[in-house]
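Residues per chain, in single letters:
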Amino acid sequence: IEWEECGDHFEDIRYHVSHEGIARITINRPDVHNAFRPQTVAEMIQALDSARHDSRVGVIILTGAGGKAFCSGGDQRIRGDYGGYRDDQGVHHLNVLDFQRDLRTCPKPVVAMVAGYAIGGGHVLHLMCDLTIAADNAVFGQTGPKVGSFDGGFGAAYLARIVGQKKAREIWFLCRQYDAHQALDMGLINHVVAHEALERETVRWCREMLQHSPMALRCLKAALNADCDGQAGLQALAGNATMLYYMTEEGQEGRNAFNERRRPDFSRYPRNP
Ligand code: 1HA
């Protein structure tokens, strides 16, 4: 696969798009196992937004550079005393929560490609992706109670939806590490491959999705989300219904009548059973 680098202004990540419609966001801080700082997260938010708005892109891969880690969570060296991770101006952020929501609401499938550690806030990032393909060296786990943190949002509630309440409590309360096969057995990930085959296999999964109807994938993601996302989930699902309605003659008749200053005539449209 040929990747074209897009966005040369990024420092902490790399952003690539392939000609066949796959975008790839790579956290590029291998010296710290791809721990994120506020800038890393801001760049990921920007890259994901580019991928979302790029009509060539149908699927997005989130990964980490170096082969030893996907992401080890928040950079503990810059965790401050005032409620977050410090940026260069000394402002404290928990902006990874914004990025989690962006992954969740992105209408295109996002695939986590995990080699090595997906730990702490980095584990929650793979969790938020629609699919996870892992190399056989992958390690999964939460560390919060050990390092004085916790993610009680998607990191707890959505984790429990995926692996069940007992397992979610074990993962958070004991802070153990799980290998790729254990993760597969508990339904936390979709597939395990040899490390050398990780990108090839992930791209294969992406290509299969690229063959399919983008609108069907979009509506299915919104529908699967809606089951646990309350009114925000319904908003996304209903937004897709509106999108489709705007594409119909029936919907367009209402707009046309308004603009032409006449009464709308909906009599031609079926009252389906
Ligand atoms: O919980 C949240 C949040 C909750 C709500 C809202 C927002 C949140 C945002 C973030 C987070 C969190 O992410 S809290 C959890 C933070 N992360 C961790 O507790 C994991 C820390 N890392 C480790 O436990 C280990 O590094 C490891 C199990 C992943 C790997 O161990 P290993 O193979 O022994 O490597 P190690 O030597 O520890 O790491 C390699 C280098 O990377 C070390 O640096 P060096 O000694 O070479 O200078 C190490 O310090 C560095 N490193 C690894 N992880 C981090 C890190 N440096 C800063 N922050 C890290 N997270």
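Scope of this entry: the structure provided in the associated data block. Fair warning: this is a prediction, and the values are worked out from it, not measured in the lab. (Residues numbered from 1 in each chain as written. Predicted model: local features only at pLDDT ≥ 70, side-chain atom pairs only at ≥ 80, totals over all residues. Heavy atoms only, no water.)

### What to know about the layout of surface pockets
So, step 1. What the largest pocket holds in volume is close to 660 Å³.
So, step 2. In terms of lining residues, the largest pocket is bounded by 33 residues, among which G74, Q76, Y85, G121 and S149 are the most central.
So, step 3. Elements supplying a minimum of two residues to the lining of the largest pocket: helix 2 (96-105), helix 3 (121-128) and helix 4 (144-147).
So, step 4. Of all the elements, helix 2 adds the most residues to the lining of the largest pocket, at 3 residues.
So, step 5. Taken together, the residues that form the lining of the largest pocket break down as 13 nonpolar, 17 polar and 3 charged.
So, step 6. Approximately 430 Å³ is the volume found for the second largest pocket.
So, step 7. Along its surface, the second largest pocket is lined by 19 residues, and D130, L220, K221, L224 and N225 are the ones closest to its centre.
So, step 8. At the level of elements, helix 5 (154-163) and helix 9 (214-246) are the ones that each hand at least two residues to the lining of the second largest pocket.
So, step 9. For the lining of the second largest pocket, the element with the highest residue contribution is helix 9, accounting for 7 residues.
So, step 10. Taken together, the residues of the lining of the second largest pocket break down into 12 nonpolar, 1 polar and 6 charged. (1 Å grid on protein atoms, 1.4 Å probe; cavity = no way out; pocket = protein on both sides within 12 Å on 5 of 7 lines; lining within 4 Å. Points joined across faces, edges and corners; volume = space filled by probe spheres on them. Helix = DSSP H or I, 4+ residues; strand = E, 2+ residues; numbered from the N terminus. Nonpolar A, V, L, I, M, F, W, Y, C, P; charged D, E, K, R; others polar.)

### Looking at the site of the ligand
So, step 1. Close to the ligand lie 22 residues, the nearest being S72, G74, G121, T143 and S149.
So, step 2. H33 has a polar side-chain atom sitting 3.1 Å from an oxygen atom of the ligand.
So, step 3. Contact distances for the ligand include 2.8 Å between an oxygen atom and a backbone N or O atom of G74.
So, step 4. Taken by itself the ligand offers 1100 Å² of open surface, and the protein chains cover 65% of this.
So, step 5. Looking at the shell around the ligand, the elements with two or more residues in it are helix 2 and strand 9 (117-119).
So, step 6. A class-by-class count of the residues in the shell around the ligand yields 11 nonpolar, 9 polar and 2 charged. (Near = heavy atom within 4 Å. Polar contact = N/O pair within 3.5 Å; in protein donor to acceptor, adjacent residues only side chain to side chain. Areas by Shrake-Rupley, 256 points an atom, 1.4 Å probe, with all protein chains shown as cover.)

### Observations regarding the packing of aromatic side chains
So, step 1. Taken as a whole, this structure holds 2 aromatic pairs when the rule is applied.
So, step 2. With 6.4 Å between their ring centres and 80° between their planes, F154 and Y158 make a pair best called edge-to-face. Taken together, the residues F154 and Y158, both in helix 5 and 4 residues apart, mark about one turn of the helix.
So, step 3. For F154, a relative accessible area of 23% gives the class partly exposed.
So, step 4. Between the NZ or CZ atom of R24 and the centre of the ring of W3, over which it lies, the distance is 4.5 Å.
So, step 5. Directly above the aromatic system of Y158 lies the positively charged group of R104, at a separation of 4.4 Å from the ring centroid. (Phe/Tyr/Trp six-rings, centres within 6.5 Å; stacked < 30°, edge-to-face > 60°. Buried < 20%, exposed > 50% of the residue type's maximum accessible area, 1.4 Å probe, protein only. Lys NZ or Arg CZ within 6 Å of the ring centre and 35° of its normal.)

### Re the sheet that holds strand 12 (residues 178-179)
So, step 1. Across the sheet, 4 strands lie side by side as 5-9-11-12; this open sheet has mixed pairing. The open sheet has two edge strands with one neighbour each: strand 5 (69-71) and strand 12.
So, step 2. Strands in contact with helix 3 are strand 5, strand 9 and strand 11 (139-141); relative to strand 5, the strand with the most contacts, it is inclined by about 85°. (Pairing = 2+ DSSP bridges. Contact = heavy atoms within 4.5 Å. Axes fitted to C-alpha atoms, helices over the stretch in contact; angles between N-to-C directions.)

### A short note on the sheet that holds strand 2 (residues 13-18)
So, step 1. Strand order in the open sheet formed by 7 strands is 1-2-3-4-8-10-13, and the pairing between neighbours is mixed. Edge positions in the open sheet fall to strand 1 (3-5) and strand 13 (191-193), since each of these has one partner strand only. For this sheet the average axis-to-axis angle between neighbouring strands, irrespective of direction, equals 25°.
So, step 2. Pairing geometry for strand 2 and strand 3 (residues 22-27), over 5 bridges, is antiparallel. Within strand 3, the residue paired with Y15 across the bridge is I25.

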